[in-house]
Each structure stands twice: as structure tokens, then as C-alpha cells.
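What follows is each chain in one-letter form.
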Amino acid sequence: MQSNMEQIFKKLGDLKDFFTYGQKLAPILQKIIDFMQDTVPLLETVNKSIADSTSKMPKAAHQINNVTSATEVATTEILDIVDGVMLDLGEISSQINSFQVKFDKQQTLLVKIAEKYPRDEDVKKLIMNEFDSKYFSDDVKDLSKLVSKINDSMMNITLSLQVQDITTQQLLSVNHLIQSIQEKLSSLLVDLGEKEITAIDERFNNNLSFNPEARYEKNHSSQVLVDSLVEENRSAASQKEIDELFSKR
Amino acid sequence: MAIKFLIVDDSVTMRRIVINSLKQIGHNDFCEAADGREAITKLVSDPSINFLITDWNMPEVSGLDLVKSIRSDSKLSSLPILMVTTRGMKEDIIEALQAKVNNYIVKPFTPQVLREKIEQIVSTTPA
């Protein structure tokens, strides 16, 4: 009987401890419930914001593609103009050459006339006036130099347009990244009960090849690396040839 | 040696830049292809092409696949190949050399570098 009572008192003690613990836990639980209540609208806002951003991604990708197309059109136009100028410069160069030829012929003719009338002072004077070969020759040289300088500048413009190909590859890489993020976010939103999100037009990114590391660097440090590796490779080939040569002995 | 170039690049701009550079260094015989598949068709149909300048990143058949395909074809295997690409990482260069490109240029390039590499290839290629 006594042991039964002891057990009852022990159980009552445990129950009291549980209630005491429960009393302590109640405010914490209340705080958790309050926090959850505050968090739900926040999570809904985050969800809406992600959905909103995700739905805007196809437009962003489309705009990037528009930029790529526009720069390609602009680059082609610049190249057309540069080609036109270079063609004109070629024409000017050949005109200068033909002037030079005509002038040389004229010079020869004047020399012959002078030789035919060695005592005629009037002819001599006339020839001296027309015969300013040094002046003409310097002019032709200056003009040729100028044409060559403009030609070099045109070529430099052409070479600088390589930036279009390099930036196109960078933009394709950005688009690929946007598409990957959009796909992941779309699948997350579908899991959270959102309706299907519009995907990025596959035409833009499918079947495209690009180098995400493409850089427009004019210091040519990469070319130095290439040259050393090509040289190493060539040496290795030579060694192979030497080995083959020795094996034939 | 008269050289007829095939320039392979999916970028119209780059093809024009390569052609202008070739003209600048005195070459005037070339044709173009926009990817590896078109390049193979042109190489097969035009035996006078005796030098290939190719990009790496292209749709359909890439430049590297084009090189491998050419090197494994008994009729085309000796064709001189110069790769002109934006890929300047060491592993890329090694991969291209292992695929047996004759030389390699990293964009942006100059006509001087183009001339130097073409001359190097021509001087080491049997006639």
C-alpha cells in the first residue's frame, strides 16, 4: 500500500514537473507561432517576387539577343563603309601612280626638246618653268604617304571590329546563364504551386556555341602562350623524328 | 605556291575581317563556310582549296570536330590548318594541338600575326 502511494506521489511529481516545463515552454511556442504568422506573408512576397523576376527573364534574354543582332548589323555597316573607303584609296593610289608615269613621260619629252634646241633661250626658260620635278615628286610622295596612313587606319578599324565577335560570345554566355537560372526557378515555383512559367525562347540558345572566357585583350599575352606551346609541340615532334631516325640505324 | 583559303567562321564579321587581313598581306584567293559541316562539303567539292583557317566555337560541327574529321580523312588529312579563336586557355591550345592543327591564333589578331603563322605553316608543309 505504502509503495503504491509512493509511486502515485512520484507520478504526481513528474506531472508537476511536466506542467512547470509546459508553462515555461508556452511563451516560446507562442513566439514561434507569432513568428510563423509574420513570416507567411513575407514568404508569399518572396515567392511573388521570384515569380515576377522569373517571368521577366525571357524578355531580358530577348533584349540581349536584340543587342547582339543590332551590333552585328552595325558592324557589317561599318565594314561596308571601311571596304568602300579602302577601295577608293586603292583607286587614288593607282591614279597617283598613273600621274607619276605621265609626269615621267612629260619629263622625258621636255629633255628631248631641250636637247633639240640647245641654243634657244626661250625654249630653255619655258622648260625650266614647267620642269619643276622635285616639287611634283615631293607632292606625290606626301600624297602616297597620306593614302597609306589612311589605309592603315582603315585596317585598324577593321581589326578593332573583332570586338563584336568577342562580345557576342560573352552575351551568349550571359543568355545561357539566364536560361539556366530561369529553368531552376521555374521548377522551384511549380513545386510551390505556381502555374507554369513562360520559358525562354529556345531558338535563342539552342545549338549555339560560345566561349564564356572570350576576352578582348590587345596585349596578346594568350598568343605568347600559344607560341610557346606550339614551339614545345614542334620540338616534341622533332624529337620523335630523331628517335625514328636513330631506330632505323 | 598559290594558296586558296577556306575561311570557316559562324560570324560574318569575323569572316570579313579574316578576308580583309588576307588581302592586306597579299592573298586574294579564298572561299567561306559558316560551320564545320559546310566546310567539309566545300573541301570535298573544291580540291583547289589548300589552306584552312577555322574558328573553334561554331554551331553544328565545331572547329575542333572539323579538324578531327579532316585529319581522319585520307584525302584531306594533309591539309594545312590554322585555328583562329577566342579560346586562349592552355588546355584548349593543347587540345587543338593534339587534334593536329598546324598553328593557332588567339583573337583579336593582327595581319602581321596571320602572315607569320601562314608563312610558318607553308614553310613546314611539303609541297
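Residues numbered from 1 in each chain as written. Chains lettered and ligands numbered in written order. Predicted model: local features only at pLDDT ≥ 70, side-chain atom pairs only at ≥ 80, totals over all residues. Heavy atoms only, no water.

J.: Explanation requested: the interface of chain B and chain A in the structure shown.
T.: A common measure of how large an interface is: the accessible area buried when the components associate. At the interface, 32 residues of chain B touch 37 residues of chain A. Both sides together, the interface formed by chain B and chain A hides about 3000 Å², and carbon and sulfur atoms give 55% of it. At the junction of chain B with chain A, the criterion picks out 4 salt bridges. Between Asp83(A) and Arg16(B) there is a salt bridge; the shortest N-O distance is 2.7 Å. On inspection of chain B and its partner chain A, the count reaches 13 residue pairs in polar contact (both at pLDDT 80 or more). At 8 residues, the largest contribution of residues to the side of chain B that touches chain A is made by helix α1 (residues 12–24) of chain B. (Contact = heavy atoms within 4.5 Å. Buried area = accessible area lost by both parts, 1.4 Å probe. Salt bridge = Lys/Arg side-chain N within 4 Å of Asp/Glu carboxyl O. Polar contact = N/O pair within 3.5 Å; in protein donor to acceptor, adjacent residues only side chain to side chain. Helix = DSSP H or I, 4+ residues; strand = E, 2+ residues; numbered from the N terminus.)

J.: Would you mind showing me how to read the sheet that holds strand β3 (residues 51–54) of chain B here?
T.: Paired through backbone hydrogen bonds, the strands of a sheet run either parallel or antiparallel to each other. Residues and elements named next belong to chain B. Spatially, the 5 strands line up as an open sheet ordered β2-β1-β3-β4-β5, and their pairing is parallel. Strands with a single pairing partner mark the edges of an open sheet, and in this sheet they are β2 (30–33) and β5 (103–106). Going across the sheet, the axis of each strand differs from the next one's by a mean of 20 degrees, ignoring polarity. With 3 bridges joining them, β3 and strand β4 (residues 81–85) adopt parallel strand pairing. Its bridge partner being in β4, leucine 52 is matched across the sheet by isoleucine 81. (Pairing = 2+ DSSP bridges. Axes fitted to C-alpha atoms, helices over the stretch in contact; angles between N-to-C directions.)

J.: So what exactly am I meant to see when it comes to the pairing of β4(B) here?
T.: Side-chain direction in a regular strand flips from residue to residue, so the side chains alternate between the two faces of the sheet. Residue and element names in this part refer to chain B. Judged by how many residues are buried, β4 sits mostly within the fold: 5 of 5 residues are covered. Burial along β4 is two-sided: the residues Ile81, Met83 and Thr85 and Leu82 and Val84 are all buried. In this fold, the crossover linking β3 to β4 by way of helix α3 (residues 63–71) has right-handed handedness. Here β4 runs beside β5; their pairing, made up of 4 bridges, is parallel. Opposite threonine 85, over in β5, you have valine 106 as the bridge partner. Once you follow β4 into helix α4 (residues 90–98) and on to β5, the crossover reads as right-handed. (Buried < 20%, exposed > 50% of the residue type's maximum accessible area, 1.4 Å probe, protein only. Right-handed = clockwise from strand over helix to strand, strands pointing away.)

J.: Help me understand empty space enclosed by the protein, please; the structure alone is not making it clear to me.
T.: Rolling a probe over the atoms, with the probe sized like a water molecule, indicates the empty space that remains. All names here are of chain B. In total, this model carries 1 cavity of 30 Å³ or more according to the counting rule given. Considering only enclosed or pocket space, the largest cavity measures out at about 30 Å³ in volume. Forming the walls of the largest cavity are Ile7, Val8, Asp9, Val18, Ile53, Thr54, Asp55 and Val84. Looking at the lining of the largest cavity, the elements with two or more residues in it are β1 (5–8) and β3. (1 Å grid on protein atoms, 1.4 Å probe; cavity = no way out; pocket = protein on both sides within 12 Å on 5 of 7 lines; lining within 4 Å. Points joined across faces, edges and corners; volume = space filled by probe spheres on them.)

J.: Looking at this structure, I do not really get helix α5 (residues 111–124) of chain B. What am I missing?
T.: Structural remark: α-helix, 3.6 residues per turn; residues separated by three or four positions point the same way. Residues and elements named next belong to chain B. Helix length check: α5 (14 residues) gives 20 Å between terminal C-alpha atoms against 20 Å at 1.5 Å per residue, within 8%. Looking only at α5, the buried set comprises Pro111, Val113, Leu114, Lys117, Ile118 and Ile121. What you see down the axis of α5 is that its buried residues fit within an arc of 160 degrees, all on one side. Set apart from the buried face of α5 by more than 90 degrees, the exposed residues are Gln112, Ser123 and Thr124. (Expected span 1.5 Å × (residues − 1). Arc of directions from axis to C-beta.)

J.: Which parts of the structure should I look at to understand the packing of aromatic side chains?
T.: Aromatic rings considered in pairs are described by the distance between their centres and by the relative angle of their planes. Residue and element names in this part refer to chain B. Applying the stated criterion to the full structure yields 2 aromatic pairs over all chains. Geometrically, the ring pair formed by phenylalanine 5 and phenylalanine 51 is tilted, given 5.1 Å between the ring centres and 55 degrees between the ring planes. Of this pair, phenylalanine 5 sits in strand β1 while phenylalanine 51 sits in strand β3, placing them 46 residues apart in sequence. Over the face of the ring belonging to tryptophan 56 we find arginine 87, whose NZ or CZ atom lies 4.5 Å from the ring centre. (Phe/Tyr/Trp six-rings, centres within 6.5 Å; stacked < 30°, edge-to-face > 60°. Lys NZ or Arg CZ within 6 Å of the ring centre and 35° of its normal.)

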